[in-house]
Amino acid sequence: MKALLEHLRDRARTLTIYDYDGTQERLETLAGHLAGYGVAVRTAVTDRGKPTNVPVFHHGDEVLGTVDLERLLPKDGIERAFAGEEPFDPDALPFDVDADVTVSPGTSHGQMVDVSRQFERQALARGDGWLRVGFQQLSAIAESSRTRSVYRRLAGAGVDVAVVGYPDVDLSGQPYGVIADEEGTFRDFWFLLYDGGGPEAKAALVAKHRDPSLYEAFWTVDPETVDELVEMARERYPVLG
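The rules we used
- Residues numbered from 1 in each chain as written.
- Predicted model: local features only at pLDDT ≥ 70, side-chain atom pairs only at ≥ 80, totals over all residues.
- Heavy atoms only, no water.
- Pairing = 2+ DSSP bridges.
- Helix = DSSP H or I, 4+ residues; strand = E, 2+ residues; numbered from the N terminus.
- Axes fitted to C-alpha atoms, helices over the stretch in contact; angles between N-to-C directions.
- Contact = heavy atoms within 4.5 Å.
- Phe/Tyr/Trp six-rings, centres within 6.5 Å; stacked < 30°, edge-to-face > 60°.
- Lys NZ or Arg CZ within 6 Å of the ring centre and 35° of its normal.
- Expected span 1.5 Å × (residues − 1).
- Parallel < 35°, antiparallel > 145°, perpendicular 65-115°, else oblique.
- Left-handed = near helix turned anticlockwise from the far one by under 90°.
- Nonpolar A, V, L, I, M, F, W, Y, C, P; charged D, E, K, R; others polar.
- Buried < 20%, exposed > 50% of the residue type's maximum accessible area, 1.4 Å probe, protein only.
- Lys, Arg positive; Asp, Glu negative; His and termini not counted.
- Salt bridge = Lys/Arg side-chain N within 4 Å of Asp/Glu carboxyl O.
- Polar contact = N/O pair within 3.5 Å; in protein donor to acceptor, adjacent residues only side chain to side chain.

Novice: Please give an account of the sheet that holds strand E3 (residues 54-59) that cites residues and values.
Specialist: Spatial ordering of the open sheet is given by E2-E1-E3-E4, a layout of four strands whose pairing is mixed. The open sheet has two edge strands, strand E2 (39-44) and strand E4 (62-66), and neither has a second partner. Averaged over all neighbouring strand pairs, the angle between strand axes comes to 30°, with direction disregarded. Helix-sheet contacts for helix H2 (residues 24-35) involve strand E1 (13-18) and E2, and the interaxial angle to E2 is about 150°.

Novice: With reference to specific residues and values, describe the packing of aromatic side chains.
Specialist: To describe a pair of aromatic rings, you give the distance between the ring centres and the angle between the ring planes. If you walk through the whole model with that rule in mind, you get five aromatic pairs. With 5.1 Å between their ring centres and 70° between their planes, Phe186 and Tyr237 make a pair best called edge-to-face. One end of the pair, Phe186, is in the loop between strand E8 (177-180) and strand E9 (189-194); the other, Tyr237, is in the segment after helix H8 (223-236), with 51 residues separating them in the sequence. Put simply, the rings of Phe135, Tyr151 and Tyr176 touch in pairs and so form one group of aromatic residues. Cation over ring: Arg187 sits above Tyr166, and NZ or CZ is 4.0 Å from the ring centre. Between Lys208 and the ring centre of Phe189, over which it is positioned, the NZ or CZ distance is 5.9 Å.

Novice: Now, about H8: what can you tell me, with residues and values included?
Specialist: Here H8 contains 14 residues, and its C-alpha end-to-end distance of 20 Å stays within 8% of the 20 Å for a straight helix at 1.5 Å per residue. Where H8 is buried, its residues contact helix H1 (2-11), strand E5 (101-108), strand E6 (130-137), E9, strand E10 (203-211) and strand E11 (214-220).

Novice: How would you explain the packing of H1 against H8 if you had to name every residue and give the values?
Specialist: It is at 10 Å that the axes of H1 and H8 come closest, and there the two elements cross at 160°. The orientation of H1 with respect to H8, classified from their angle, is roughly antiparallel. Crossing geometry of H1 relative to H8 is assigned as right-handed. Facing Ala3, Leu4, His7, Leu8 and Arg11 of H1, the residues of H8 in contact are Glu224, Thr225, Glu228, Leu229, Met232, Ala233 and Arg236. Residues that form the contact of H1 with H8 fall into these classes: six nonpolar, two polar and four charged.

Novice: Outline the side chain of Asp181, supporting the account with residue identities and numerical values.
Specialist: Tracing the sequence through the fold places Asp181 in the loop between E8 and E9. No salt bridge forms around the buried Asp181; measuring N to O, its nearest opposite-charge neighbour Arg187 is 7.0 Å away. There is a polar contact of 2.8 Å between the side chain of Asp181 and the backbone nitrogen of Phe186. Leaving out residues up to four positions away in the same chain, Asp181 has contacts with Val164, Gly165, Tyr166, Pro167, Phe186 and Arg187.

Novice: Can you tell me about the packing of helix H5 (residues 109-126) against helix H7 (residues 145-157), naming the residues and giving the values?
Specialist: Contact pair H5 / H7: the axes reach a minimum separation of 9 Å and the direction vectors enclose 25°. It follows from the interaxial angle that H5 and H7 lie roughly parallel. Of the two possible hands of crossing, H5 and H7 adopt the one that is left-handed. Packed against H5, whose contacting residues are Arg117, Glu120, Ala123 and Leu124, the element H7 presents Arg146, Thr147, Val150, Tyr151, Arg153, Leu154 and Ala157 at the interface. Here the residues of the contact of H5 with H7 are counted per class, giving six nonpolar, one polar and four charged.

Novice: Describe the sheet that holds E11, with residues and values.
Specialist: Think of a sheet as strands paired side by side through backbone hydrogen bonds, with each pair either parallel or antiparallel. A sheet is described by the order of its strands in space; here seven strands give the open sequence E5-E11-E10-E9-E6-E7-E8, paired in mixed fashion. The open sheet is flanked by E5 and E8, the only strands paired with a single partner. Within the sheet, the average angular offset between the axes of one strand and its neighbour, ignoring direction, is 15°. Across the sheet, H7 is in contact with E6, strand E7 (160-166) and E9; its angle to E6 comes to roughly 160°. This element, H8, spans E5, E6, E9, E10 and E11 of the sheet and lies at about 115° to E9.

Novice: Go over the pattern of salt bridges, please, and point to the residues and values.
Specialist: In total, this model carries nine salt bridges according to the counting rule given. When the shortest N-O distance is used, the salt bridge between Arg9 and Glu6 registers 2.3 Å. Linking Arg9 with Glu6, this pair stays in helix H1, spanning three residues, or about one helical turn. Residue class for Arg9 comes out buried when judged on its relative accessible area of 18%.

The structure is reproduced here in structure tokens:
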């Protein structure tokens, strides 16, 4: 799934701050604001190191522009954010803020479930198409009666559905497919790939486990991007079927 994650990163816009010398807290606040506009935040160190805090927006290999960092998040932005005020200025962005890919650098388990449920409902309403979902380990689905019910309903509705995970429990005999990730290829990734059974309901989510409670997540319903991800996944990982 690393290749799919990198592909989504390339499709998302990126703000790279060269030679950043601010606090991690301020950086995370800026990343949280920009995530809602489909922008991932990165830092990079140059050989020169001067000047500091040079922000450059990219979309893949294309440079979209630069902006004064203080226009995006003033020095007192942390305090204002905690006070319930809005320090972020989206008008300072040098591009249209509509995004094909949603970026969430610090996504909680609950947020991941919410996005997944939304896409599962799309597939259930459609009752058609190819759906592959990675749970990291199969116990994640075995321990949730609600999740097992959702996937039984998806299979019953006519969706070609299979779940993927490290086989730490036995899930044989299910009406949906079960792909045992014996080698742990997908163990660090939570993913959902749905070809939509047509152009209207396509959806994809790819996330990497960062620590016990957070994921770096990207998701999209852009048909072209979803098609690219599904094709890439099926070519690189034949086990997905």
